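Spelled out, the chains give:
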Amino acid sequence: TQLLEQSPQFLSIQEGENLTVYCNSSSVFSSLQWYRQEPGEGPVLLVTVVTGGEVKKLKRLTFQFGDARKDSSLHITAAQTGDTGLYLCAGEAGGTSYGKLTFGQGTILTVHP
Amino acid sequence: DAGITQSPRHKVTETGTPVTLRCHQTENHRYMYWYRQDPGHGLRLIHYSYGVKDTDKGEVSDGYSVSRSKTEDFLLTLESATSSQTSVYFCAIRGGADTQYFGPGTRLTVL
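Summarised in this report is the structure supplied together with it. (Residues numbered from 1 in each chain as written. Chains lettered and ligands numbered in written order. Predicted model: local features only at pLDDT ≥ 70, side-chain atom pairs only at ≥ 80, totals over all residues. Heavy atoms only, no water.)

### Thoughts on the overall build of chain B
- A tally of helices and strands in chain B yields 0 helices and 11 strands.
- When its helices and strands are written in sequence order, chain B yields β-β-β-β-β-β-β-β-β-β-β.
- Reported as C-alpha extents along the three principal axes, the dimensions of chain B are approximately 40 × 30 × 25 Å.
- Looking at chain B as a whole, 51% of its 111 residues are labelled buried.
- Within chain B, counting contacts between residues at least 6 apart in sequence, those at least 24 apart form 53% of the total.
- Of the roughly 5100 Å² of accessible surface on chain B, 47% is carried by carbon and sulfur atoms.
- Both charge centroids of chain B, one from 12 positive and one from 12 negative side chains, sit 2 Å from each other. (Helix = DSSP H or I, 4+ residues; strand = E, 2+ residues; numbered from the N terminus. Buried < 20%, exposed > 50% of the residue type's maximum accessible area, 1.4 Å probe, protein only. Contact = heavy atoms within 4.5 Å. Areas by Shrake-Rupley, 256 points an atom, 1.4 Å probe, with all protein chains shown as cover. Lys, Arg positive; Asp, Glu negative; His and termini not counted. Charge placed at Lys NZ, Arg CZ, Asp CG, Glu CD.)

### What about the overall build of chain A?
- From N to C terminus, chain A includes 0 helices and 11 strands.
- The globule rule puts the C-alpha radius of gyration for 113 residues at 13 Å, and the 14 Å found for chain A is close to it.
- Overall, the C-alpha framework of chain A stretches about 45 × 30 × 20 Å when taken along its three principal axes.
- For chain A, the proportion of its 113 residues judged to be buried stands at 46%.
- In chain A, of all internal contacts separated by at least 6 residues, the share reaching a separation of at least 24 is 55%.
- For chain A, the exposed area adds up to about 5300 Å²; of that, 51% sits on carbon and sulfur atoms. (Rg over C-alpha atoms; globule rule 2.2 N^0.38 Å.)

### Observations regarding the nonpolar core
- By size, the foremost hydrophobic cluster in this structure holds 21 residues, and its most contacted members are Ile13(A), Leu19(A), Leu32(A), Trp34(A), Leu74(A), Ile76(A) and Leu109(A).
- Every element with two or more residues in this core is listed here: strand S2 (10–14), strand S3 (19–24), strand S4 (31–37), strand S5 (44–49), strand S7 (61–65), strand S8 (71–76), strand S9 (85–92) and strand S11 (107–112) of chain A.
- Ranked by size, the runner-up nonpolar core spans 19 residues in total, among them Ile4(B), Phe74(B), Tyr89(B) and Leu108(B). (Core = buried A, V, L, I, M, F, W, Y, C linked by side-chain atoms within 4.5 Å.)

### Observations regarding the state of the cysteines
- Tallied over the full model, the rule gives 2 disulfides over all chains.
- Across the disulfide from Cys23(A) sits Cys89(A); the S-S distance is 1.8 Å. Across the S-S bond of Cys23(A) and Cys89(A) the torsion is about 65°, and the bridge reads as right-handed. Residue Cys23(A) is located in strand S3, and its partner Cys89(A) is located in strand S9; the two are separated by 66 residues in the primary sequence.
- Judged by its relative accessible area of 0%, Cys89(A) falls in the buried class.
- At a sulfur-sulfur separation of 1.9 Å, the disulfide partner of Cys23(B) is Cys91(B). On the S-S bond that ties Cys23(B) to Cys91(B), the torsion sits near -70°, and the link is left-handed. Taken together, the residues span a long stretch of sequence, with Cys23(B) in strand S3 (residues 19–25) and Cys91(B) in strand S9 (residues 87–96) at a distance of 68 residues.
- Judged by relative accessible area, which is 0%, Cys23(B) ranks as buried. (Disulfide = S-S within 2.5 Å.)

### Comments concerning the sheet that holds strand S7 (residues 64–70) of chain B
Residues and elements named next belong to chain B.
- With antiparallel pairing, 4 strands are arranged side by side in an open sheet as S1-S3-S8-S7. Whereas interior strands pair on both sides, the edge strands pair on one side only; in this sheet they are strand S1 (4–7) and S7. Averaged over all adjacent pairs, the angle separating strand axes in this sheet is 20°, with direction ignored.
- Where S7 lies against strand S8 (residues 73–78), 5 bridges are found, and the strand directions are antiparallel. (Pairing = 2+ DSSP bridges. Axes fitted to C-alpha atoms, helices over the stretch in contact; angles between N-to-C directions.)

Here it is in structure tokens:
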């Protein structure tokens, strides 16, 4: 069974601060996806990283996939109150996995004005 | 919007009662999934389908069954609901390589 350890579980910061969320595993994934979820809604895909060492930027969000494809990070620069929400990482094993995802436990981010 | 709807959106039921949740998609995707979400656990895969009448178990399948008689519908059944199955249930479809789209969820409470 593949496991994804996501940290920290809770993050409370002031507007304008930077933050990083980590996702680590002992297993190799063919891709790593990051989602954001608002209360009462389903997760929404932010980005998918597929190549070891890949870095993707989405405005103030930077996503990195580890060289060995076992870990990933999400960095937010100058956080805003609108960034508040639950962030989830999810890994796909690839091959004959039929697209099944293994999720981390999630990080609840609260950005205070 | 990937055209995924779930019904019902909220349900309260009693222990021992059978419950069926429905996921409907409008875009003819082959792969569909059922997850449950509980605090501290992220989302965990219950069952998935890779085609009509083709289904398999996920990591937390005990107490659940699924059926897919049409491409657009994926049903999740709790044969005899227990309090440990109180959760939020999400359906998802695979929209393309390395992408999944989730429905709005069903909040189920088993008393």
